[in-house]
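Structural overview
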Amino acid sequence: MTELSLFLHDETDTVALGQAIGAQLIGQGAVIYLSGTLGAGKTTFTRGVLQAFGYSGNVKSPTYTLVEPYELAAGCVYHFDLYRLADPEELEYMGIREYFDGQSLCLVEWPIKGEGILPTPDLQISLSAQASDAGIGRRAVITALSPMAKRLIEPLNDSLRNNKT
Ligand code: ADP
Ligand code: MG
């Protein structure tokens, strides 16, 4: 399976998706691209991932600093928000390769801003607002681009049964 489409009814669902994916990424490096407009839920998803790594604090998009490092017992997580990146070349100056070291989990909001310089992702998650009978939720389309990511999304299909359709 290479693609999974889920409906996230509310913020709790978005956090739960992050937790489910994060739990499977402990102990291995990965790159996740998070796409979607402002307010789509990219940072909310990241909070869930960080919770799976044992972090329970506040999570804010690192808009001005571009990256927020979380050096946790379960592993290093780097949360990027490239919204304000003017030129992808700036990523070279900030030593991007030190973060994408194959051991860390890198979550990237606005990856399009780093096109050409960012490494290709294992997972691409696209979030968008979608109405349902109960109000506005989010559609998450998860694309697995590496063999590891394909193995990772199989069990999600079952564990997030309430988010089908
Ligand atoms: P982004 O990082 O994409 O700009 P944030 O995660 O900072 O977005 O904000 C997303 C907003 O949408 C938050 O107010 C959050 O409570 C809300 N939200 C997150 N997931 C859902 C969902 N599945 N349904 C409805 N609202 C959601
Ligand atoms: Mg954000």
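Before reading on, note that the structure itself is shown above.
Our subject in this report is the structure included herewith.

So, how was this worked out
Residues numbered from 1 in each chain as written. Chains lettered and ligands numbered in written order. Predicted model: local features only at pLDDT ≥ 70, side-chain atom pairs only at ≥ 80, totals over all residues. Heavy atoms only, no water. Disulfide = S-S within 2.5 Å. Salt bridge = Lys/Arg side-chain N within 4 Å of Asp/Glu carboxyl O. Helix = DSSP H or I, 4+ residues; strand = E, 2+ residues; numbered from the N terminus. Buried < 20%, exposed > 50% of the residue type's maximum accessible area, 1.4 Å probe, protein only. Pairing = 2+ DSSP bridges. Axes fitted to C-alpha atoms, helices over the stretch in contact; angles between N-to-C directions. Donors = N, O, S within 2.8 Å, 3.2 Å for Na, K, Ca; no water. Phe/Tyr/Trp six-rings, centres within 6.5 Å; stacked < 30°, edge-to-face > 60°. Lys NZ or Arg CZ within 6 Å of the ring centre and 35° of its normal.

Side note on the state of the cysteines
With the rule as written, the count across this model stands at 0 disulfides. You can see Cys-76 has no disulfide; the closest cysteine sulfur is in Cys-106, sitting 9.4 Å from it.

Observations regarding the pattern of salt bridges
This structure, assessed with the given rule, holds 2 salt bridges. Two residues, Glu-11 and Arg-47, come together in a salt bridge whose shortest N-O distance is 2.8 Å. Remark: Arg-47 occurs in helix α2 (residues 42-52) and Glu-11 occurs in helix α1 (residues 11-24); sequence separation between them is 36 residues. The exposure class assigned to Arg-47 is partly exposed, which follows from its relative accessible area of 23%. Two residues, Glu-92 and Arg-97, come together in a salt bridge whose shortest N-O distance is 3.2 Å.

Quick word on the sheet that holds strand β1 (residues 3-8)
Taken in spatial order, the 7 strands of this open sheet run β1-β7-β6-β2-β5-β4-β3, and their pairing is mixed. The outermost strands of the open sheet, each flanked by one partner alone, are β1 and β3 (67-72). Neighbour-to-neighbour, the strand axes of the sheet open up by a mean angle of 20°, direction not taken into account. Two strands pair when backbone bridges link them, and strand β4 (residues 75-81) and strand β5 (residues 105-109) are joined in this way by 5 bridges, in the parallel orientation. Residue pairing for β5: Asp-81 is matched across the bridge by Glu-109.

Some points on the coordination of the magnesium ion (ligand 2)
At the metal site, the magnesium ion (ligand 2) is ligated by Thr-43 (OG1), Ser-61 (OG) and Glu-109 (OE), and these contacts range over 2.1 to 2.4 Å. The sequence pattern describing where the donors of the magnesium ion (ligand 2) fall on their chain is T-x17-S-x47-E. Of this pair, Thr-43 sits in helix α2 while Ser-61 sits in the loop between α2 and β3, placing them 18 residues apart in sequence.

What about the packing of aromatic side chains?
Tallied over the full model, the rule gives 5 aromatic pairs. Ring plane angle 70° and centroid distance 4.9 Å describe the contact between Tyr-55 and Tyr-70, whose orientation is recorded as edge-to-face. Taken as a pair, Tyr-55 in the loop between α2 and β3 and Tyr-70 in strand β3 lie far apart in primary sequence, 15 residues in all. Judged by centre distance (5.4 Å) and plane angle (85°), the ring pair of Phe-80 and Tyr-99 falls under edge-to-face. Placement of Phe-80 in strand β4 and of Tyr-99 in helix α4 (residues 96-99) is noted, with a sequence separation of 19 residues between them. Exposure class is identical for Phe-80 and Tyr-99. Each is buried. Members of the aromatic cluster, connected to one another through ring pairs, are Tyr-78, Phe-80, Tyr-99 and Phe-100. Just above the ring of Tyr-83 sits the side chain of Lys-113; from NZ or CZ to the centre is 5.5 Å.

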